[in-house]
Amino acid sequence: MQRLLVSVLCTIGAATASAAPAAKLPFDTIHAACSGFARAAVTGTPRAAAEAKISLASCEARERTRAIAIVDQERSVRELAAAIAPCLELLQDVHSRSGLVTQVAALYADANIRTGFAVRALSTVSTLPASASEDLAARHDLDVLTLRERVQHWFDRAHADFVEIDRMVRRHPELAREPAIAAAVAHAARQVVPVVAGR
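These notes cover the structure that comes with them. (Residues numbered from 1 in each chain as written. Predicted model: local features only at pLDDT ≥ 70, side-chain atom pairs only at ≥ 80, totals over all residues. Heavy atoms only, no water.)

## Concerning the overall build of the protein chain
- Tallying secondary structure elements over the protein chain gives eight helices and zero strands in all.
- Per-residue burial for the protein chain yields a buried fraction of 40% across its 199 residues.
- Nonlocal contacts in the protein chain, meaning residues at least 24 apart in sequence, comprise 69% of its contacts between residues at least 6 apart.
- A total of about 10800 Å² of accessible surface is found on the protein chain, and carbon and sulfur atoms cover 56% of it. (Helix = DSSP H or I, 4+ residues; strand = E, 2+ residues; numbered from the N terminus. Buried < 20%, exposed > 50% of the residue type's maximum accessible area, 1.4 Å probe, protein only. Contact = heavy atoms within 4.5 Å. Areas by Shrake-Rupley, 256 points an atom, 1.4 Å probe, with all protein chains shown as cover.)

## Some remarks on the nonpolar core
- One finds Leu-25, Leu-56, Val-151 and Trp-154 to be the most contacted residues of the largest nonpolar core, which totals 36 residues.
- When residues of this core are assigned to their parent elements, the largest contribution, nine residues, is made by helix 4 (residues 73-97).
- If sequence neighbours within four positions are ignored, Trp-154 has contacts with Val-77, Leu-80, Ala-81, Ile-84, Arg-114, Phe-117 and Ala-118.
- Grouped together as the second largest cluster of nonpolar side chains are 17 residues, Val-104, Phe-162, Val-163 and Ile-181 included. (Core = buried A, V, L, I, M, F, W, Y, C linked by side-chain atoms within 4.5 Å.)

## A few points about the state of the cysteines
- Inspection of every chain in the model, using the stated rule, returns one disulfide.
- One disulfide bridge connects Cys-34 with Cys-59, the sulfur atoms lying 2.1 Å from each other. Around the S-S axis, the bridge from Cys-34 to Cys-59 shows a dihedral of about -85° and counts as left-handed. Here Cys-59 lies in helix 3 (residues 46-65) and Cys-34 lies in the loop between helix 1 (2-16) and helix 2 (35-43), a separation of 25 residues in the sequence.
- Residue Cys-87 stays outside any disulfide, its sulfur separated by 8.2 Å from that of Cys-34, the closest cysteine. (Disulfide = S-S within 2.5 Å.)

## Side note on helix 6 (residues 134-171)
- With 38 residues, helix 6 should cover 56 Å at 1.5 Å per step; its first-to-last C-alpha distance of 52 Å lies within 8% of that length.
- At Val-151, helix 6 is bent by approximately 45°, the largest bend along its length. (Expected span 1.5 Å × (residues − 1). Bend = angle between axes of the 7 residues up to and from the residue.)

## Some points on the side chain of Asp-110
- Its place among the elements puts Asp-110 in helix 5 (residues 100-122).
- Once residues within four sequence positions are removed from consideration, Asp-110 is found in contact with Leu-88, Leu-91, Arg-157 and Asp-161.

## A short note on helix 3
- Between its first and last C-alpha atoms helix 3 spans 29 Å; for 20 residues at 1.5 Å apiece the expected length is 28 Å, and the two agree.
- Among the residues of helix 3, Ala-49, Ala-50, Ala-52, Lys-53, Ile-54, Leu-56, Ala-57, Cys-59, Glu-60, Ala-61, Glu-63 and Thr-65 are the ones counted as buried.
- Looking at the buried side of helix 3, the elements it contacts are helix 2, helix 4 and helix 5.

## Quick word on the packing of helix 3 against helix 4
- Orientation of helix 3 relative to helix 4, taken along the N-to-C sense of each, is 175°, at an axis distance of 9 Å. Here helix 4 runs roughly antiparallel to helix 3, going by the angle between their axes. In this structure, helix 3 contributes Ala-50, Lys-53, Ile-54, Leu-56, Ala-57, Glu-60, Ala-61, Arg-64 and Thr-65 to the contact, and helix 4 contributes Leu-80, Ala-83, Ile-84, Pro-86, Cys-87, Leu-90, Leu-91, Asp-93 and Val-94.
- Residues that form the contact of helix 3 with helix 4 fall into these classes: 13 nonpolar, one polar and four charged. (Axes fitted to C-alpha atoms, helices over the stretch in contact; angles between N-to-C directions. Parallel < 35°, antiparallel > 145°, perpendicular 65-115°, else oblique. Nonpolar A, V, L, I, M, F, W, Y, C, P; charged D, E, K, R; others polar.)

Here it is, written out as structure tokens:
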């Protein structure tokens, strides 16, 4: 049923697009919790559809990873990456097709998804007890370092998204006055302060 829903939605979107042809949603199935966003993503006005796609990407990222437990670091991180890949693809499509306000929203959603799952992965490393031996402490530190290396690219890309938002606002100061993205703009500015200060 969900697979059929995607097919029907994509057909409707292609038939009703008032501007450029609607891009096919990059999902084989859509979770029930996200279906409302999926409908709006292919039937709304260009601005509303773009906003719905951003919400759909965030919703699907959450639903697609809900059951993934970080047990085996390498395998679990790969599973997370595979699960969120179509969500990030959709956000990239929105960014490439939309106006400035929606571009900022798409970048911000992308950064939040990447940061969220990097933090989620790191939080699975158990806390080291105060009575831990040196060998156990060394293994723990190695686990943390290894996992950090596996998810560092998510942090790096998220930071790049924040930097790009900040640059966009510097080029277009009117963006800072847009209520829909005010929080995203402010948050992005805080994330790039160390980079700006180091120039």
